[in-house]
Amino acid sequence: MNSWASVAIPPIDAKFDFPPLSLWDTARSGSFPLPEKSLYRLYVCGITPYDATHLGHAATYLTFDLANRYLRARGAEVRFVQNITDIDDPLLERAARDNVDWKELAQSQIDLFRGDMVNLHVIPPDHYVGVVEAMDLVTQSISVLDERGTTYQVDDDVYFSVRSDEKFGSRSHYPLQKMMEIFAERGGDPQRVGKRDPLDPLLWLSHRDGEPAWSSSHGEGRPGWHIECCAIALHYLEPDKNSETSIDIQGGGSDLIFPHHEMSAAQGQILQGRPFASHYVHAGMIGLDGVKMSKSLGNLVFVSKLVASGVDPMAIRWALMESHYSTDRSWSNDLLDASIEWIIRLRRALSMMEVAPTAPVIEKIISAQGSNLDTPSSLASLKEWVVLSENGSHGGQAGELSRAIDALLGLAL
Ligand code: ZN
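Residues numbered from 1 in each chain as written. Predicted model: local features only at pLDDT ≥ 70, side-chain atom pairs only at ≥ 80, totals over all residues. Heavy atoms only, no water.

Chemist: Mind laying out the overall build of the protein, listing which residues take part and the relevant values?
Modeler: When helices and strands are counted, the protein shows 13 helices and 14 strands. A compact globule built from 413 residues should have a C-alpha radius of gyration of about 22 Å, and the protein, at 22 Å, falls within 12% of that. By its C-alpha atoms, the protein is 75 × 50 × 40 Å across when sized along the principal axes. Residue burial in the protein is summarised as follows: out of 413 residues, 57% are buried. Considering only contacts within the protein whose residues lie at least 6 apart along the sequence, 79% involve residues at least 24 apart. Approximately 16,900 Å² of the protein is accessible, and the part contributed by carbon and sulfur atoms is 49%. The distance from the centre of the 36 positive side-chain charges to the centre of the 55 negative ones in the protein is 3 Å. (Helix = DSSP H or I, 4+ residues; strand = E, 2+ residues; numbered from the N terminus. Rg over C-alpha atoms; globule rule 2.2 N^0.38 Å. Buried < 20%, exposed > 50% of the residue type's maximum accessible area, 1.4 Å probe, protein only. Contact = heavy atoms within 4.5 Å. Areas by Shrake-Rupley, 256 points an atom, 1.4 Å probe, with all protein chains shown as cover. Lys, Arg positive; Asp, Glu negative; His and termini not counted. Charge placed at Lys NZ, Arg CZ, Asp CG, Glu CD.)

Right, here's the structure in full:
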């Protein structure tokens, strides 16, 4: 699958010192620096292409873009892979409801998503991989799980035994009752008779009438959700055999903590015999005017509609950075209006002949971003600099600040 257009990242002056990037790891319930490396492996779960790209999506991809940018600004290489869940229950259900071909629906939404990512200045993945095109990888991974004795069948469907991973549950830390509830809400089938553990996830769903199917050693069918990301990540990120974990960052929205990331990590542990990721990082959910934004409530705000109405994508980026990525946040017109105003003032300040000193604000932004992507502090420093510049402070170089906020915050002004 084609990714989207690459993004130029300006250099930051070598005089600035970059501490290691600390990120909140859900598995360890704390903020920890990533180990020093010259190459990081970043996997971010992609969209199911039927409602792209609402602000919840945008906030998630922006979060990992900020991590990507910081690591690159430190001089490291980042190998970045993202999937598209282009075969899944919600996609098939939406296509059936709207009486459209599921492939056409997926393609139109993927095109929309790519355009939104370009507008939001998100660095594209090195590999943007649809599940449909990765079917061989998925079925090969299931075969390895078979060989390790971690799978079983119920009728013609194949399940992964979560108890085969002794660390099962250790990335999400949810009590059993909560796991059972969430599993049922997010595609799981805890009530199915014949399963060894109610939480065992599907690896392969045998062919159902009217559904697309692919061949595998378990017969015709389609894969379960979690094995897809696991197989794509472990192939395209080319894990280093000498590393303690297969990849560095497993990223996504907080609604993926369980079951999706727990299950992917459990399967990854069995496939490679070591922890799947060093950091499991999750972005909070976005609400609208204090109410959770969701498909069922019909209150999704879409990036493409905002941009089509004339909103500067950089103002959307700014608005999403006004609060911390890890928190559940609220979107509102007031927030957007204030962000539009700050972008105008920042752009104006950067074009002035004399500006307030810039090295101190760049240092503050580096420090904030390195400390678990603290964008509220970064934006506060920028606002302070704008006000100082407007009030006649001088001695700075607008060009170096402009390059730094483009490289670190993705604000291309
Ligand atoms: Zn995923």
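Chemist: Go over the coordination of the zinc ion with me, naming the residues and quoting the values.
Modeler: Here the zinc ion is held by Cys 45 (SG), Cys 229 (SG) and His 260 (NE2), and the distances to it run 2.0 to 2.1 Å. In primary sequence terms, the donor set of the zinc ion follows C-x183-C-x30-H. Of this pair, Cys 229 sits in helix α6 (residues 225-236) while His 260 sits in helix α7 (residues 257-272), and the two are 31 residues apart along the sequence. Like Cys 229, the residue His 260 is buried in the burial classification. (Donors = N, O, S within 2.8 Å, 3.2 Å for Na, K, Ca; no water.)

Chemist: Please give an account of helix α1 (residues 55-73) that cites residues and values.
Modeler: With 19 residues, α1 extends 26 Å from end C-alpha to end C-alpha; this agrees with the ideal 27 Å at 1.5 Å per step. Most of α1 sits inside the fold, with 17 of its 19 residues counted as buried. Downstream of α1 by one or two residues, Gly 75 has phi in the positive range, about 100°. (Expected span 1.5 Å × (residues − 1).)

Chemist: Provide a residue-level description of the packing of α6 against α7, including the pertinent values.
Modeler: Where α6 contacts α7, the axes come no closer than 8 Å and their chain directions differ by 50°. By the angle between their directions, the pair α6 and α7 is classed as oblique. Classified by chirality, the crossing of α7 by α6 is right-handed. Here α6 contributes Trp 225, His 226, Ile 227, Cys 229, Cys 230 and Leu 234 to the contact with α7, which in turn contributes Pro 259, His 260, Met 263, Ser 264, Gln 267, Gly 268, Leu 271 and Gln 272. Residues that form the contact of α6 with α7 fall into these classes: eight nonpolar, six polar and no charged. (Axes fitted to C-alpha atoms, helices over the stretch in contact; angles between N-to-C directions. Parallel < 35°, antiparallel > 145°, perpendicular 65-115°, else oblique. Left-handed = near helix turned anticlockwise from the far one by under 90°. Nonpolar A, V, L, I, M, F, W, Y, C, P; charged D, E, K, R; others polar.)

Chemist: Talk me through the packing of aromatic side chains; I want residue IDs and the actual numbers.
Modeler: In total, this model carries 10 aromatic pairs according to the counting rule given. Where Tyr 152 meets Tyr 159, the ring centres are 5.9 Å apart and the plane angle is 20°; that geometry is what we call stacked. Take Tyr 152: its relative accessible area is 6%, and that puts it in the buried class. Seen from their ring centres, Trp 318 and Trp 342 are 6.4 Å apart, and the 15° between their planes marks the pair as stacked. Of the two residues, Trp 318 sits in helix α9 (residues 313-321) while Trp 342 sits in helix α10 (residues 333-350), which places them 24 residues apart along the sequence. Residue Trp 342 is classed as buried on the basis of its relative accessible area of 16%. (Phe/Tyr/Trp six-rings, centres within 6.5 Å; stacked < 30°, edge-to-face > 60°.)

Chemist: Please give an account of the pairing of strand β8 (residues 202-206) that cites residues and values.
Modeler: β8 sits mainly inside the fold: four of its five residues count as buried. In this structure, strand β7 (residues 157-160) lies alongside β8, joined through two bridges in antiparallel fashion. By the bridge assignment for β8, Tyr 159 is matched with Leu 202. In this sheet, strand β9 (residues 221-223) lies alongside β8 in antiparallel orientation, the contact comprising three bridges. Counterpart to Ser 206 in the pairing with β9 is Gly 221. (Pairing = 2+ DSSP bridges.)

Chemist: I'd love a proper account of the sheet that holds strand β11 (residues 277-283), names of residues and values included.
Modeler: Pairing within the open sheet is parallel, and its five strands lie in the order β5-β4-β3-β10-β11. Bordering the open sheet on either side are β5 (127-130) and β11, each of which pairs with just one other strand. Ignoring which end each strand starts from, the neighbouring axes of this sheet average 20° apart. In terms of strand pairing, strand β10 (residues 247-253) meets β11 through six bridges, oriented parallel.

Chemist: Requested: an account of the nonpolar core, with residues and values cited.
Modeler: If you look at the biggest cluster of nonpolar residues, it comprises 77 residues, and the most contacted ones within it are Trp 331, Leu 382 and Trp 385. The element contributing the most residues to this core is α1, with 10 residues. Every residue in contact with Trp 331, bar those within four places of it in the chain, is listed here: Leu 55, Ile 286, Gly 287, Leu 288, Asp 289, Met 293, Val 301, Leu 306, Ile 316, Ala 319, Leu 320 and Leu 336. (Core = buried A, V, L, I, M, F, W, Y, C linked by side-chain atoms within 4.5 Å.)

Chemist: Report on the pattern of salt bridges, specifying residues and quantitative values.
Modeler: A full pass over the atoms with the stated rule returns 22 salt bridges. For Lys 15, the salt bridge is made with Glu 400, and the minimal N-O distance between the two is 3.2 Å. Linking Lys 15 in the segment before β1 (22-25) with Glu 400 in helix α13 (residues 398-409), this pair joins segments that are 385 residues apart in sequence. Between Arg 171 and Glu 262 there is a salt bridge whose closest N-O contact spans 2.9 Å. Taken together, the residues Arg 171 in the loop between β7 and α5 (176-185) and Glu 262 in helix α7 connect sequence positions 91 residues apart. (Salt bridge = Lys/Arg side-chain N within 4 Å of Asp/Glu carboxyl O.)

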